Amino acid sequence: MERNLNLLVNLQKFDSLILEKQGIIEEIPARISEKEGPLKKAQAVLDKLKQSYESIEKKRRDKERELDDINERIKKLKARTTEIKTNKEYQTLLREIETAEKECNAIEDEILNIMEDMDNSSKQGKLEESKLRSENDKLDAYREKLKAEVTEAEKELLALREERSKIVDAVDKELYILYMSLIESGNGMAVVQAKEEVCQGCNMNIPPQLFVEIQRNEEILQCPQCRRILFYRSDS
Ligand SMILES: [Zn+2]
């Protein structure tokens, strides 16, 4: 194979690998955010539970205040019994006390129910908290794994770029400029195989005479369609 063509084929090999490694690094944030879904879900459930717990707690405080008020009322009513003059007044007062005590019992029952709700909500909260912790741990482990992947890819990239620059130094300058412009226009592919009279870059047919010339691998020849540099490999 002609020296420059051989160098460009090699350069393409390195650039394809470099693109691949860069791709691995670039897609890491998306891979992480994909895994963040379950965590966000667990957090949302927990937030909702906390809100509902707080609102139940507020209800309990309100009811306890109500209870205090009624107890105060009952105390005052009971204190009035000493001032009672007639039996009728006494009966009325007793009825008032009875009503207040019933109210008091009802509120006490409500408070018991509320406490039960709080207990359930708190148990569920603990369950969700442990779920959240486990999701967090999983995500941390995943992040660590990806961080290791990035470190590895970066190490490989460094080595690849070093090798690449050696090839670049050896290629004729104007050919390298052509190569880079083809990398730009060709979606990262500047040098492709011509296989069975078809350009592997754009899949268009190569004129027979041109294909014969390409098969010799003796000069830099470009696809008439996509302009990519073509080479021939007999073993594939
Ligand atoms: Zn082509």
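Just so it is clear, the structure is predicted and the values come from calculations on it, not from any experiment.

*Asks:* I'd like a description of the packing of aromatic side chains, backed by residues and values.
*Replies:* This model, assessed by the stated rule, comprises 2 aromatic pairs. A ring pair is formed by Tyr176 and Tyr179, whose centres lie 6.3 Å apart and whose planes are at 20°; its orientation type is stacked. One end of the pair is Tyr176 and the other is Tyr179, both in helix H4 (residues 173-185) and 3 residues apart, which spans about a single turn. Ring geometry for Phe211 versus Tyr232: centroids 5.8 Å apart, planes at 85°, classification edge-to-face. Linking Phe211 in helix H5 (residues 208-216) with Tyr232 in the segment after strand S4 (229-231), this pair joins segments that are 21 residues apart in sequence. A cation over an aromatic ring shows up here: Lys35 above the ring of Tyr142, its NZ or CZ 5.0 Å from the ring centre.

*Asks:* So what's going on with the pattern of salt bridges? Which residues, and what values?
*Replies:* One side chain can pair with another of opposite charge once the charged atoms of both are near each other. Applying the stated criterion to the full structure yields 20 salt bridges. Close ionic contact of Lys131 with Glu128 constitutes a salt bridge, the shortest N to O distance being 3.4 Å. With Lys131 and Glu128 both in helix H3 (residues 87-170) and 3 residues apart, the pair spans about one turn of that helix. Across the pair Glu152 and Lys155 runs a salt bridge whose closest N-O atoms are separated by 3.9 Å. Here Lys155 and Glu152 lie together in helix H3, a separation of 3 residues that amounts to about one turn. What makes Glu152 partly exposed here is its relative accessible area of 38%.

*Asks:* I'd like a description of the environment of Ala159, backed by residues and values.
*Replies:* By secondary structure assignment, the location of Ala159 is in helix H3. With a relative accessible area of 45%, Ala159 lands in the partly exposed category. Separated by 47 residues in sequence, Ala159 and Leu112 have C-alpha atoms that sit 70 Å apart.

*Asks:* Let's hear about H4: which residues, and what values?
*Replies:* The terminal C-alpha atoms of H4 lie 19 Å apart, and with 13 residues this matches the ideal 18 Å at 1.5 Å per residue to within 8%. Residues Leu175, Tyr176, Tyr179, Leu182 and Ile183 constitute the buried set of H4. Each buried residue of H4 lies within a common arc of 125° when the element is viewed along its axis, so the set occupies one face. Facing away from the buried side of H4 by more than 90 degrees, the exposed set consists of Lys173, Glu174, Ile177, Glu184 and Ser185. Where H4 is buried, its residues contact helix H1 (3-26), H3, strand S1 (191-195), strand S3 (221-222) and S4. Positive backbone phi, at 60°, marks Asn187, one or two positions downstream of H4.

*Asks:* Give me the pairing of S1: which residues, what numbers.
*Replies:* Summarising burial for S1: 4 of the 5 residues are buried, a large majority. Here 3 bridges tie S1 to S4, and the two strands are oriented parallel to one another. Opposite Val191, over in S4, you have Ile229 as the bridge partner. Where S1 and strand S2 (residues 198-199) come together, 2 bridges link them in antiparallel fashion. Within S2, the position partnered with Ala194 by the bridge is Cys199. Hairpin geometry of S1 and S2 is characterised by an intervening segment of 2 residues between the two adjacent antiparallel strands and by a positive phi of about 50° at Glu196.

*Asks:* Which residues make up the coordination of the zinc ion, and what values do they have?
*Replies:* Each protein donor to the zinc ion is listed here as Cys199 (SG), Cys202 (SG), Cys223 (SG) and Cys226 (SG); together their distances run 2.3 Å. For the zinc ion, the 4 donor atoms are set out with angles of 105 to 113° between them, so the coordination reads as tetrahedral. Donor residues for the zinc ion, ordered by position in the chain, follow C-x2-C-x20-C-x2-C. Here Cys199, found in strand S2, pairs with Cys226, found in the loop between S3 and S4; they are 27 residues apart in sequence, far enough to count as distant. Accessibility assignment for this pair places Cys199 and Cys226 in one class, buried.

*Asks:* Any chance you could break down the sheet that holds S1 for me, citing the residues and the numbers?
*Replies:* A sheet is described by the order of its strands in space; here 4 strands give the open sequence S2-S1-S4-S3, paired in mixed fashion. The outermost strands of the open sheet, each flanked by one partner alone, are S2 and S3.

*Asks:* Describe the nonpolar core, naming the residues involved and giving the relevant values.
*Replies:* Core analysis: the biggest nonpolar cluster contains 21 residues, and Leu8, Leu11, Val171, Tyr179 and Val191 have the highest contact counts within it. Looking at this core, the element that brings in the most residues is H1, giving 7 residues. What Val191 contacts, discounting residues up to four positions off in sequence, is Leu8, Val9, Gln12, Tyr179, Ile229 and Phe231. Residues Val192, Ile206, Cys223 and Cys226 belong to the second largest nonpolar core, which totals 11 residues.

Scoring rules and cut-offs
Residues numbered from 1 in each chain as written. Predicted model: local features only at pLDDT ≥ 70, side-chain atom pairs only at ≥ 80, totals over all residues. Heavy atoms only, no water. Phe/Tyr/Trp six-rings, centres within 6.5 Å; stacked < 30°, edge-to-face > 60°. Helix = DSSP H or I, 4+ residues; strand = E, 2+ residues; numbered from the N terminus. Lys NZ or Arg CZ within 6 Å of the ring centre and 35° of its normal. Salt bridge = Lys/Arg side-chain N within 4 Å of Asp/Glu carboxyl O. Buried < 20%, exposed > 50% of the residue type's maximum accessible area, 1.4 Å probe, protein only. Expected span 1.5 Å × (residues − 1). Arc of directions from axis to C-beta. Contact = heavy atoms within 4.5 Å. Pairing = 2+ DSSP bridges. Donors = N, O, S within 2.8 Å, 3.2 Å for Na, K, Ca; no water. Tetrahedral: all angles 85-135°; square planar, octahedral: opposite > 155°, others 65-115°. Core = buried A, V, L, I, M, F, W, Y, C linked by side-chain atoms within 4.5 Å.

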